[in-house]
Amino acid sequence: MCGIIGFTGNLEAKKVLLGGLQALEYRGYDSAGIAYVDKFGIQTVKTTGKVSNLLEKVEQSNGLDSNCGIGHTRWATHGGVSDTNSHPHSCGNVTIIHNGIIENYHELETELAATGRHPISQTDTEIAAMLFDSLYQGDAVDTIKKAVTKLEGAYAFCILFSDQPGVIYCIRNGSPLVATHATDGSFIASDMVALIDYSKEYFVVPEKHIVTMTADEIVVTTLTGEVIAPKMLYVNWDMTAAKKGGYPHFMLKEIFEQPDSLRNTIMPRIKKGHLPDFSTDNIPDSLYDGINRIIITACGTAMHAGLVGRVLLEKLVRIPVTVEIASEFRYGDPVLDSSTLVITLSQSGETADTLAAIRLAKEKNAKTLSIVNVKGSSIARESDYVLYTHAGPEIAVASTKAYTAQLSCLYLLSFHYALVKGMITEEECANYIGHLQAVIPAIEKTLTLDKTIDEICQSLAKTEDLFFIGRGLDYALSCEGSIKLKEISYIHSEAYAAGELKHGTLSLVTEGIPVISLATQSNVYSKMISNIREVRARGAMVILITNGHLDVEETIYDHHIALTELDDLFAPFTAAIVLQLIAYYTSVHRGLNVDQPRNLAKSVTVE
Ligand code: AGP
């Protein structure tokens, strides 16, 4: 949600801010704006629409001779999409950009009305600007300290004071901010993708610490005035990873990166002669001691990875596993204690509901393990243990390589857990690991189906409703296929457990409706075939996806995609690739913005 960038130093601020906003646009793309400091004071340029609209507006406004400024790309929460509601917002001496939600903005607005300050926008952010201005008497740090005692909710702010040119103040609570001081000056942003051109070294701004940025240094202080030295981190990917690299969309590039992202995630954890090893992740075998129940909780696609993880963990470790949507789990009064292991999954590591789920689990003494892609993110920092997916930056809003990397961690975890608990022998474990490694070339082969899938999607693009059906692991995959298609093609779709269709939903299956039927699991294959016959008898257009080794009768499908043969347990990896490509090409054929679908944002840091 919302992208933030701030720079002060010896470069042209326009270049840093606009370049950063383009890199951050995946976080929000309703509107964009910058504020910069020049000899006349603080100037603001903002507009609805994409960063490219802002670029045009900036080009039209002469000047912009500045070395200090802040920039924002918005995902609207409070107040519609309009120029007025776009950030930055100013009041008196203060100009700010904000990511997050100020929950008590209404009460603050009433209080501030008594001081003669009235907003012109409908945003909570402008109220925050009014609050900072009302408290400001020349001491920025003191102002921020006082404001923090009054602000409720999540925030990351960059603040300019008109009488302090060249200085940017920042503070965050819940919403992400990373910063770095490099040879050209001081930089801050919501995400390292905006700063990687300038430095590979950075720090995560600690929550509720005040950051004072000048061209020469970045000073971080606690709210009681103590200066601290933040822990430095290093990015292990380079700029090419954050660019399209010749692909028409980030999503397609990220789909094709999956052999690499899986290699990077799996291989460093295979040691001791093909056995899983989490010692470099600092995850001790004792993590599993005394655990009699696992809850996997996450949102969206990450939660769908959890559905696959449940099957694996229950099959191999023989421990009960439930999968909960994080936004339900956090308010659901779940039964938790020290014998529960709560596993969370998140690409961004900042998803508000998932973070709240971890906090709840810890409050109730459960052990927490997170599977996260972004190093040093809130979820990673607050969990007892972290398994990082090494998928590299994922820019497209639709999650692809993060999902399969999450699956690979869940597979490794299941093998490791089962081995430690004596549920499988070393030999069996090494055999599973061999199958997991085989997934990588199988995905490479599956990717060669992209032209075939592209053709099939020409007809899919014309539909307004469709179904995904499957059983067992294939049902978990159906859920993922359905969300992927919905979010980027805007086609209504439902994922159904194939055996459940006839309990109501079959009435929606009519002549010509596409039914994407996943049949990769031998143990329920004949049952799936019967379900496929049922939809075909009602005129459905069947797109059948099978594991390579299964026999298929030509009479039961309109299109057939045979996956590279894998052990059934590992078919979700190749099936996921096909489903991602189906969503991608359908969106392309509908002429939509694949990477930035309407109403969505990459990192959901609000409830
Ligand atoms: C995936 O395609 C979606 N954009 C979305 O469901 C996403 O997976 C979800 O918001 C969770 O995000 P996270 O992995 O960053 O926590």
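Keep in mind that this is a model prediction, so the values were computed, not measured.

(A) Representation of the domain arrangement of the protein. Looking at the protein, the domain boundaries give domain 1 (3-240), domain 2 (242-443) and domain 3 (449-589). Inter-centroid distance (C-alpha atoms) of domain 1 to domain 3 is 45 Å.

(B) Local environment of the site of the ligand. Lining the immediate environment of the ligand, one finds 15 residues, of which S346, Q347, S348, T351 and E487 sit closest. Measuring from an oxygen atom of the ligand, one finds a backbone N or O atom of T301 at 3.1 Å. Between E487 and the ligand, the recorded distance is 2.3 Å, taken from a side-chain N or O atom to an oxygen atom. Considered on its own, the ligand offers 410 Å² of accessible surface; in the complex 91% of this is hidden by protein. Those elements giving two or more residues to the shell around the ligand turn out to be α8 (300-317) and α15 (473-489). Classifying every residue of the shell around the ligand gives six nonpolar, seven polar and two charged. For the shell around the ligand, the two domains that each supply at least three residues are domain 2 (242-443) and domain 3 (449-589).

(C) Spatial organisation of the packing of α8 against α15. Close contact between α8 and α15 brings their axes to 9 Å; oriented N to C, the two are set at 175°. Regarding the angle of α8 to α15, the classification is roughly antiparallel. The residues of α15 that touch α8, namely those facing G300, T301, H304, L307, V308 and V311, are L473, A476, L477, C479, E480, I483 and K484. Counted by class, the contact of α8 with α15 contains eight nonpolar, three polar and two charged residues.

(D) Highlighting the packing of aromatic side chains. Taken as a whole and assessed by the stated rule, the structure comprises 14 aromatic pairs. Aromatic side chains F132 and F157 sit 5.2 Å apart centroid to centroid with 90° between the ring planes, which places their arrangement in the edge-to-face category. You can see F132 sitting in helix α4 (residues 124-135) and its partner F157 sitting in strand β7 (residues 153-161), a full 25 residues away along the chain. Residues F132 and F157 agree in their burial class; the two are buried. Summarising the aromatic geometry, the rings of Y247 and F256 are spaced 5.8 Å apart at their centres and angled 35° between planes, so their arrangement reads as tilted. Residue F256 is classed as partly exposed on the basis of its relative accessible area, which comes to 24%. A connected cluster of aromatic rings, assembled from ring pairs, spans Y411, F415, Y432, F570 and F573.

Cut-off values and rules
Residues numbered from 1 in each chain as written. Predicted model: local features only at pLDDT ≥ 70, side-chain atom pairs only at ≥ 80, totals over all residues. Heavy atoms only, no water. Domains from an automatic or database assignment. Near = heavy atom within 4 Å. Polar contact = N/O pair within 3.5 Å; in protein donor to acceptor, adjacent residues only side chain to side chain. Areas by Shrake-Rupley, 256 points an atom, 1.4 Å probe, with all protein chains shown as cover. Helix = DSSP H or I, 4+ residues; strand = E, 2+ residues; numbered from the N terminus. Nonpolar A, V, L, I, M, F, W, Y, C, P; charged D, E, K, R; others polar. Axes fitted to C-alpha atoms, helices over the stretch in contact; angles between N-to-C directions. Parallel < 35°, antiparallel > 145°, perpendicular 65-115°, else oblique. Contact = heavy atoms within 4.5 Å. Phe/Tyr/Trp six-rings, centres within 6.5 Å; stacked < 30°, edge-to-face > 60°. Buried < 20%, exposed > 50% of the residue type's maximum accessible area, 1.4 Å probe, protein only.

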